[in-house]
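Here are the chains, one letter per residue:
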Amino acid sequence: MKKNSINPWQWQNERSYVQAVEVIHPSATLYISGQTAIDAHGKSSTADMKTQLIKTIQNLEKIVEEAGFECKNIVRLNIYTTSTDDFFSCFDIFQNWISRHKIQQASTVLEVKRLFETLKIELEATVIK
């Protein structure tokens, strides 16, 4: 498998994403449903955005690893949030996670009116192998 990032500009680098990702000859593709801050018993978090973001990232990592993939091969990551202001106030957590795994993903951030129950953030990913 070969992965190429396409970035005709530089400004997106500070925002922790790439404009496009070309994948040549992947051996497998994993499409992950939106992951949130739900615990192992199915209970939705009532915590603040920062706490929910950390738990959401942990849940996403768990799915990636259990499927036998690696976070560094996330090529698409959609972010749904009930408050972009709250999300961007803890964006450093997200950026540190992206940096730690050397992820180069195409992304979209969408502010939505509501997520399931008390949830504030949801991450939907596509991972390749």
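Anything mentioned here points back to the structure above.
The structure presented is a predicted model; accordingly, all values stated were derived computationally and were not measured.

**A short note on the overall build of the chain**
From N to C terminus, the chain includes three helices and six strands. Mapped from its N terminus to its C terminus, the chain presents α and β elements in the order β-β-β-α-β-α-α-β-β. A compact globule built from 129 residues should have a C-alpha radius of gyration of about 14 Å, and the chain, at 14 Å, falls within 12% of that. In terms of principal-axis extent, the alpha carbons of the chain reach across some 40 × 35 × 25 Å. Contacts spanning at least 24 positions in sequence make up 75% of the contacts within the chain whose residues lie at least 6 apart. Only carbon and sulfur atoms are counted for the fraction: they give 48% of the accessible area of the chain, which is about 7,500 Å².

**A look at the pattern of salt bridges**
The tally for this structure, following the rule as stated, stands at three salt bridges. Glu-66 is the partner of Lys-62 in a salt bridge, and the nearest nitrogen-oxygen pair spans 3.2 Å. With a gap of four residues between them, Lys-62 and Glu-66 both fall in helix 1 (residues 49–66), about one helical turn apart. Assessed through its relative accessible area of 48%, Lys-62 is described here as partly exposed. Lys-72 is paired through a salt bridge with Glu-70; the nearest N and O atoms lie 3.9 Å apart. Exposure remark for Lys-72: the relative accessible area of 40% places this residue in the partly exposed category.

**With respect to the packing of helix 1 against helix 3 (residues 91–101)**
At a minimum axis distance of 10 Å, the contact between helix 1 and helix 3 shows a crossing angle of 25 degrees. By the angle between their directions, the pair helix 1 and helix 3 is classed as roughly parallel. In terms of crossing hand, the pair formed by helix 1 and helix 3 is right-handed. In this structure, helix 1 contributes Lys-50, Leu-53, Ile-54, Ile-57, Leu-60 and Glu-61 to the contact, and helix 3 contributes Ile-93, Phe-94, Trp-97, Arg-100 and His-101. A per-class count over the contact of helix 1 with helix 3 returns seven nonpolar, one polar and three charged.

**Here's the deal with helix 1**
For helix 1, with 18 residues, the first-to-last C-alpha span of 25 Å sits near the 26 Å given by 1.5 Å per residue. Along helix 1, the residues that are buried comprise Met-49, Gln-52, Leu-53, Thr-56, Ile-57, Asn-59, Leu-60, Glu-61 and Val-64. Just downstream of helix 1, Gly-68 is the residue with a positive phi angle, here 85 degrees.

**Details of the packing of aromatic side chains**
The full count for this structure, using the stated rule, is eight aromatic pairs. Look at Trp-9 and Trp-11: their rings are 6.2 Å apart centre to centre, the planes differ by 25 degrees, and that puts the pair in the stacked class. Summarising the aromatic geometry, the rings of Phe-94 and Trp-97 are spaced 6.2 Å apart at their centres and angled 45 degrees between planes, so their arrangement reads as tilted. Taken together, the residues span about one helical turn, with Phe-94 and Trp-97 both in helix 3 at a distance of three residues.

**Remarks on the nonpolar core**
Core analysis: the biggest nonpolar cluster contains 24 residues, and Leu-53, Leu-60, Ile-74, Leu-77, Phe-87, Phe-94 and Trp-97 have the highest contact counts within it. Those elements giving two or more residues to this core turn out to be strand 3 (29–35), helix 1, strand 4 (74–81), helix 3 and strand 6 (121–128). Once you skip the residues sitting within four places of it in the chain, Leu-53 turns out to touch Phe-87, Cys-90, Ile-93, Phe-94 and Ile-121.

What counts as what
Residues numbered from 1 in each chain as written. Predicted model: local features only at pLDDT ≥ 70, side-chain atom pairs only at ≥ 80, totals over all residues. Heavy atoms only, no water. Helix = DSSP H or I, 4+ residues; strand = E, 2+ residues; numbered from the N terminus. Rg over C-alpha atoms; globule rule 2.2 N^0.38 Å. Contact = heavy atoms within 4.5 Å. Areas by Shrake-Rupley, 256 points an atom, 1.4 Å probe, with all protein chains shown as cover. Salt bridge = Lys/Arg side-chain N within 4 Å of Asp/Glu carboxyl O. Buried < 20%, exposed > 50% of the residue type's maximum accessible area, 1.4 Å probe, protein only. Axes fitted to C-alpha atoms, helices over the stretch in contact; angles between N-to-C directions. Parallel < 35°, antiparallel > 145°, perpendicular 65-115°, else oblique. Left-handed = near helix turned anticlockwise from the far one by under 90°. Nonpolar A, V, L, I, M, F, W, Y, C, P; charged D, E, K, R; others polar. Expected span 1.5 Å × (residues − 1). Phe/Tyr/Trp six-rings, centres within 6.5 Å; stacked < 30°, edge-to-face > 60°. Core = buried A, V, L, I, M, F, W, Y, C linked by side-chain atoms within 4.5 Å.

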